[in-house]
Amino acid sequence: MSTKPEAIDGRYDFKTLEAKWRPLWEKLGLYQTGNDPNKPKKYILDFFPYPSGEGLSVGHCRNYVPTDVISRYYRSRGFNVMHPMGWDAFGLPTENAAIKLKAKPAELTAKFTANYKRQMSLIAASYDWSREINSSTPEYYRWTQWIFLQLYHSWYDQRKNRARPIAELEKELAATGTKNISLPSGVQALTPQEWQALSIKQKKDFLSNFRLAYRAASAVNWDPVEKTVLANEEVVDGRGWRSGALVERKVLQQWFFRITAYADRLEKDLDTIDWPESIKAMQRNWIGRSEGAEVDFKTEAGNLRVFTTRPDTLWGATFMVLSPEHPFVAQLTTSAQRAQVEQYVAAAKAQSEIARAAEEREKTGVFTGSYAINPVNDEKIPIWIADYVLMGYGTGAIMAVPAHDERDFAFARKFNLPIRVVIQPKEQKLLVDEMTEAWPHDGVMINSGHFDGTPADEAVNKVTAWLEQTGKGVRRVNYKMRDWLISRQRYWGTPIPIVHTDTLGEVPVATEQLPVVLPDVPNYEPTDTGESPLALIDEFVNITLPDGTQGRRETDTMGTFACSSWYFLRFASPRTDKVAFENDQVNYWLPVDLYVGGAEHAVMHLLYARFWTKALHDLGYVPFVEPFTVLRNQGMLLSYDNQKMSKSRGNVITPDAVAEAQGVDALRAYILFLGPFDAESKWEETGIKGVSRFLNRYWVVAQEFASVKFVEPSDERERAFKRIMHATIKRVTHDIENFQFNTAIAALMEFMNFFYECRREQEVVGVSQAMWREGLEAFTRLLAPICPFIAEEVWQEVLGHKGGSVHQQTWLSYDESALAVDEITIVVQVNGKLRDNLTVSINAGEDSIKQLALASEKVQKFIAGKAVKKVIVVPKKLVNVVVG
RNA sequence: GCCGGGGUGGCGGAAUUGGUAGACGCAAGGGACUUAAAAUCCCUCGGUUACUAAAGUGACCGUGCCGGUUCGAUUCCGGCCCUCGGCACCA
């Protein structure tokens, strides 16, 4: 049987082509990462997927096809291209599926990834599979554990604004104590002697206040369905982002990464990267930087510190509000108020902060019975407790300025607390009795002592400077972002490499002892106890340290976002078992030149990966501070019914089905042709017909090439043919580089339409065989990255290039002189309205064009009887006659 | 409420720096081929309207709305409206 496909009813047999070329390309190793030292590099990366049992839909192709086209393009432009793929294989969905199927997660993962890989090969995604990685293998997670330990052994030195080894902090504590160190709130200052006097365990506890990876008791988000805690980033509207369950508040010992230490740099460096504005905005919003001041108010329990972004409204503070969790609550509560306060605090405790914020609007609160002294005017103001003040932000206490803050206003009105205007707007005079809402906007300071009359634009700065001078307050920046909670009480994740002991406190596992292997066990269902199922496996938990100390292993695992925070580094040297990544490889390949994936990871993966990169940079492991130079988000692909594709709706379109019906080349071309890369689009069955027709037309032209007759050659026709050929090269090149794949395909369609214009039954008119061939070759090479199969078939079988694959050819460059034309069309307008066209020589001077335009009958008609005021001539484009 | 995108034919969308709005494709209508259908090929295709026997030739309107800048605005500026996405008691 011949492998040469036959045209069937003018349609080409895509299946035979695909079966023919796929194995040959594999043999050629076309997709191997380049390593020519003389070439520049491109690292083109897709978000590595979470393999699930559902497999890939055409929606995933919206991600993988464009990056594949770009990878193929840059290979042919002479770059060393690394385009790898791997699996974010740990995590809840696989584990939940495994529990349901009574299988082992590792076995399911193998099954799922094999299917993904098959589908990716089906659509001809040009991944270098020799670099495939899987985050759930010990070869990989060993190094996730290693990075965890690097963070554990580090602290953030605010003075140098970078992370440093914790050993350097210990040295400093021994020498000078905490004298020069900025202490987190609630941490006691120490002299060198006091430090020395601490036990090993106490020292460790103290250092936990500084480490980039630390364990602390904290009120956390507990997902009762997934039976694990979640990071703040994983809670959306008070619900777990995957399970949809309302999260509960639990106080548990948990592991955190101190991402807040990097808040400032994470925000500032956004300015240096080429990312979608929306993602940057989401990260800025999540980081939530606010500038303001901290001010102390005297109370019975000591100085009550508050944070405010409006120090200019200090004179308008008429009461204070503490968060229910504030440490002063007990002391400030008078016996008369005690019962009421305790009841309120208990109720608040039951809800997580996020759920509390998401659900409540109506203000609630209770009076403590105590008062504070406002340091700017020595006024005595009542102290209340309310859950609209969050312990996790600022100091957990606020001064309430009801006249100029909506929340305080609502609270004051509800509990009948006084309101005082201290900012007078220009537009109106605020009268307390008539106010229905706060005035949080601009104005002039009043009722504020010697600051009266200070205008809005100066007020905050002037007051802050005065607070600092008089020692009443300090300038301060706060962030909404909290530390990243990494513990999960689940089996299918990277074990946290820590051992707990009674005498030595927590002991990190030594690097050479890694990995801490996840035990292969038959039962791993999550528990309701707040403890990981690993805690039930004695062989895993109990350990004797080298010095004989008895210990218990940490049984929490890391959330999967730890795995994905460094995988892009691993691809540079995926097989080494000596290090997490080889420096020379990382220095060559990183940062990632193009990173493509969905927008849903804006404040999760994309934030975490930036944080790890910065930390690794500070510790000297990588030379760059941003992992992804260019980020692009593909638009969502909706199904034919305008809904998201999902199994439950039964509207998922698989690449398998499309490949079966229309072929992979048509699938790829249609994915790109649908619309702009980053716009939401809809899959339409009729739409793919257009690109199918286009490929068939190309096939027809190619197939008849050997037999067709070339008649009536003309210079003019040939020049026109050559012109559109070079124009197409120019357009396709520009469009691929700029992610405008839809117009790249439109350009190719126009070129093919021109082929058809030259064509008659078994004849090509006006163009020589040599020129026709040149055009067909150019078309084939431009189409190759988009439709690799049909292009290869035409290249080798029709055009007879036996030397190698079309995918190994150097990209075409266009000839500017071929684009030149002798005659051009000049548009003639009268008062900006189109009235005529002129065809003139390209060399026609401005004057002669002007004369021609004025002489035009159609123009004359419109200027008759009017004065010509001005004539504007735009060279090579238009003439506009202005009449009055 | 705040932040970030978008609003262009029946539909998806084009329009490198302000310069012929609607490329390319889908759908639709007409025609050719065919016993027929599919496929294929050719033509028409923003709206209103005038002239003409007709092929055709014009005019006016038109890129969410109102206004501005300009010889000229889908493009720039100001003010609105609608819509999608994100955040939302963060002091």
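Position labels on residues start from 1 in each chain and follow its written sequence. Here the convention is simple: chains get letters from A, ligands get numbers from 1, in the order in which they are written. At least 70 in pLDDT is required for a residue's local features to be given in this predicted model, at least 80 for side-chain atom pairs to be given and counted, and no such filter applies to totals for whole chains, interfaces and linings, which use all residues. Think of the side-chain values as coming from all heavy atoms in the structure, minus any hydrogens and water.

A.B. asks: When you look at the overall build of chain A in this model, what are you seeing that I'm missing?
C.D. replies: Secondary structure elements follow DSSP: runs of H or I of four or more residues count as helices, runs of E of two or more count as strands, with numbering from the N terminus. Tallying secondary structure elements over chain A gives 29 helices and 39 strands in all. Once the C-alpha set of chain A is aligned to its principal axes, its extents read approximately 105 × 85 × 55 Å. Classification of residues uses two cut-offs on accessible area relative to the type maximum, computed with a 1.4 Å probe and protein chains only: under 20% is buried, over 50% is exposed, and between them is partly exposed. Relative to its 884 residues, chain A shows a buried fraction of 55%. The contact definition used throughout considers only heavy atoms, calling two residues in contact when any of these lie within 4.5 Å. Partitioning the contacts of chain A with sequence separation of at least 6, the portion at a separation of at least 24 is 71%. Only the protein chains shown count as cover for residues, with accessible areas throughout obtained via the Shrake-Rupley method and a probe of 1.4 Å. By element, 50% of the accessible surface of chain A is carried by carbon and sulfur atoms, the whole surface being about 38,900 Å².

A.B. asks: I'm lost on the packing of aromatic side chains in this one. Help?
C.D. replies: Both the distance between ring centres and the angle between the ring planes are used here to describe each pair of aromatic rings. Only centres within 6.5 Å qualify two rings of Phe, Tyr or Trp (six-membered ring in Trp) as a pair; their planes then separate them into stacked at under 30 degrees, edge-to-face at over 60, and tilted for everything else. According to the stated counting rule, one finds 68 aromatic pairs in the structure shown. Ring geometry for Trp-155 and Phe-210: centres 6.3 Å apart, planes at 80°, overall edge-to-face. Within this pair, whereas Trp-155 is found in strand 5 (residues 154-157), its partner Phe-210 is found in the loop between helix 8 (200-207) and strand 7 (213-223), the two being separated by 55 residues in sequence. The exposure class assigned to Trp-155 is buried, which follows from its relative accessible area of 1%. For Lys-363, the ring lying beneath its charged end belongs to Tyr-388, and the centroid distance is 5.2 Å. Whether a charge sits over a ring depends on NZ of Lys or CZ of Arg being within 6 Å of the ring centre and within 35 degrees of the ring normal. Note that Arg-553 overlies the ring of Phe-540, its terminal NZ or CZ placed 5.8 Å from the centroid.

A.B. asks: Got a minute to help me understand the nonpolar core in this structure?
C.D. replies: Here is a general trend for soluble globular proteins: nonpolar side chains tend to be buried in one another's company. The nonpolar core is taken to be a set of buried Ala, Val, Leu, Ile, Met, Phe, Trp, Tyr and Cys residues, with the residues joined through side-chain atoms within 4.5 Å. Counting 97 residues, the largest nonpolar core has Met-120 and Trp-683 as the members making the most contacts within it. Those residues in contact with Met-120 that sit more than four places away from it in its chain are Pro-49, Leu-56, Tyr-64, Met-85, Trp-87, Ala-125, Tyr-127 and Trp-129. With 90 residues, the next largest nonpolar core counts Ala-163, Val-509, Tyr-595 and Ala-602 among its residues.

A.B. asks: I keep staring at the protein's contact with RNA strand B and nothing clicks. Help me out?
C.D. replies: Residues are classed as near a molecule or strand on a simple rule: at least one heavy atom within 4 Å of it. Close to RNA strand B lie 52 residues, the nearest being Lys-363, Arg-407, Lys-480, Arg-693 and Asn-880. Close to the protein, within 4 Å, the atoms of RNA strand B belong to sugar or phosphate groups at a rate of 69%. Between N or O atoms, a polar contact is any pair within 3.5 Å; within protein, one atom must be a potential hydrogen donor and the other a potential acceptor, and residues adjacent in sequence are included only when both atoms are from side chains. Side-chain polar atom of Lys-833 to a phosphate oxygen of RNA strand B: 3.0 Å apart, as the coordinates give it. Contact between RNA strand B and Arg-835: a phosphate oxygen at 3.1 Å from a side-chain N or O atom of the residue. With seven residues, helix 24 (residues 741-757) is the largest single contributor of residues to the surface near RNA strand B. Classification used: nonpolar for Ala, Val, Leu, Ile, Met, Phe, Trp, Tyr, Cys and Pro, charged for Asp, Glu, Lys and Arg, polar for all others including Gly. Split into classes, the residues belonging to the surface near RNA strand B amount to 21 nonpolar, 13 polar and 18 charged.

A.B. asks: Just checking my understanding: could you explain the sheet that holds strand 22 (residues 487-488) for this structure?
C.D. replies: As a general point, the strands of a sheet are linked pairwise by backbone hydrogen bonds and lie either parallel or antiparallel. Between any two strands, at least two bridges found by DSSP are needed for them to pair. Taken together, the three strands give an open sheet; going across it, the order is 22-28-23, and neighbouring strands pair in antiparallel fashion. A strand with exactly one partner marks an edge of an open sheet, and here the two such strands are strand 22 and strand 23 (494-495). In this structure, strand 23 lies alongside strand 28 (residues 557-558), joined through two bridges in antiparallel fashion. Residue pairing for strand 28: Pro-495 is matched across the bridge by Thr-557.

A.B. asks: What should I look at first to understand the pairing of strand 6 (residues 162-165) in this one?
C.D. replies: By the bridge criterion, four bridges tie strand 5 to strand 6 in an arrangement that is antiparallel. Bridge assignment links Ser-154 to a residue of strand 6, and that residue is Pro-165.

A.B. asks: Help me understand empty space enclosed by the protein in this model?
C.D. replies: In this approach the atoms are scanned with a rolling probe the size of a water molecule, which exposes any empty space left behind. Here a cavity is any set of points on a 1 Å grid over the protein atoms alone where a 1.4 Å probe fits but cannot get out, and a pocket is any open set with protein on both sides within 12 Å along at least 5 of 7 lines; a residue lines the site when it has an atom within 4 Å of a point. Grid points are joined across faces, edges and corners, and a volume is the space filled by probe spheres set on the points. Enumeration according to the criterion identifies four cavities of 30 Å³ or more in this entry. There is about 190 Å³ of room inside the largest cavity. Along the wall of the largest cavity there are 18 residues; nearest its centre are Tyr-50, Gly-91, Leu-92, Glu-234 and Thr-560. Taken together, the residues of the lining of the largest cavity break down into seven nonpolar, six polar and five charged. When its volume is computed, the second largest cavity comes out at roughly 140 Å³. Lining the second largest cavity we find 13 residues, and of these Arg-72, Ser-76, Val-806, His-807 and Gln-809 sit closest to its centre. Sorting elements by how many residues they give to the lining of the second largest cavity places helix 2 (residues 58-76) first, with three residues. Here the residues of the lining of the second largest cavity are counted per class, giving six nonpolar, four polar and three charged.

A.B. asks: Any chance you could explain helix 26 (residues 788-798) here in plain terms?
C.D. replies: Along an α-helix, residues three or four positions apart point the same way, because every turn accommodates 3.6 residues. Burial analysis of helix 26 places nine of its 11 residues in the buried class, the great majority of the element. On its buried face, helix 26 sits against helix 1 (14-28), helix 2, helix 4 (105-122), helix 21 (664-673), helix 22 (685-703) and helix 25 (769-783).

A.B. asks: Even after reading the chapter, I still don't get the sheet that holds strand 29 (residues 594-597), so can you show me in this structure?
C.D. replies: An order of 2-1-29-30 is seen for the four strands of this open sheet, with the pairing classed as parallel. The sheet terminates laterally at strand 2 (80-82) and strand 30 (631-633), the two strands that pair on one side only. With strand direction ignored, the average angle separating the axes of adjacent strands in the sheet is 20°. Bridging between strand 1 (residues 41-46) and strand 29 involves three bridges; their strand directions are parallel. Residue pairing across strands places Leu-45 opposite Tyr-595, the latter belonging to strand 29. Axis lines are fitted through C-alpha atoms, for helices just across the contact stretch, and the angle between N-to-C directions can take any value from 0 to 180 degrees.

A.B. asks: Can you help me understand the pattern of salt bridges in this one?
C.D. replies: Note on pairing: side chains with opposite charge can pair once their charged atoms come close. Salt-bridge detection follows one rule: a side-chain nitrogen of Lys or Arg within 4 Å of a carboxyl oxygen of Asp or Glu. Taken as a whole, this structure holds 50 salt bridges when the rule is applied. Across the salt bridge formed by Lys-268 and Asp-264, the nearest N and O atoms sit 3.0 Å from each other. Placement of the pair is Lys-268 and Asp-264 together in helix 9 (residues 263-268), with a separation of four residues, close to one helical turn. A salt bridge links Lys-614 to Glu-626; its shortest N-O distance comes to 2.8 Å. Of this pair, Lys-614 sits in helix 19 (residues 605-618) while Glu-626 sits in the loop between helix 19 and strand 30, and the two are 12 residues apart along the sequence. Relative accessible area serves as the criterion here: at 0%, Lys-614 is assigned to the buried category.

A.B. asks: Help me understand the confidence of the model for chain A in this model?
C.D. replies: As a note on interpretation, predicted positions should not be read in detail where pLDDT is low. For every residue, the predictor assigns a confidence score, pLDDT, that lies between 0 and 100. Averaged over all residues, the pLDDT of chain A is 91; the fraction at 70 or higher stands at 98%. In the model, residues 1-9 has pLDDT below 50 throughout and makes 12 contacts with residues more than four positions away in sequence or in other chains.

A.B. asks: Would you explain the packing of helix 21 against helix 22 in this entry?
C.D. replies: When two helices pack together, their arrangement is given by the angle between their axes and by how far apart the axes lie. Look at helix 21 against helix 22: their axes get within 9 Å of each other, and the N-to-C directions meet at 125°. On the basis of their axis angle, the class for helix 21 and helix 22 is oblique. The interaxial crossing formed by helix 21 with helix 22 has right-handed handedness. When helix 21 is examined against helix 22, the residues Asp-665, Ala-666, Leu-667, Ala-669, Tyr-670 and Phe-673 are found in contact with a partner set consisting of Gly-687, Ile-688, Val-691, Ser-692 and Leu-695. Here the contact of helix 21 with helix 22 is built from residues that sort into eight nonpolar, two polar and one charged. Here the angle decides the label: under 35 degrees means roughly parallel, over 145 means roughly antiparallel, 65 to 115 means roughly perpendicular, and every other value means oblique. Take the far helix as the reference: if the near one is turned anticlockwise from it by less than a right angle, the crossing is left-handed, and if turned clockwise, right-handed.

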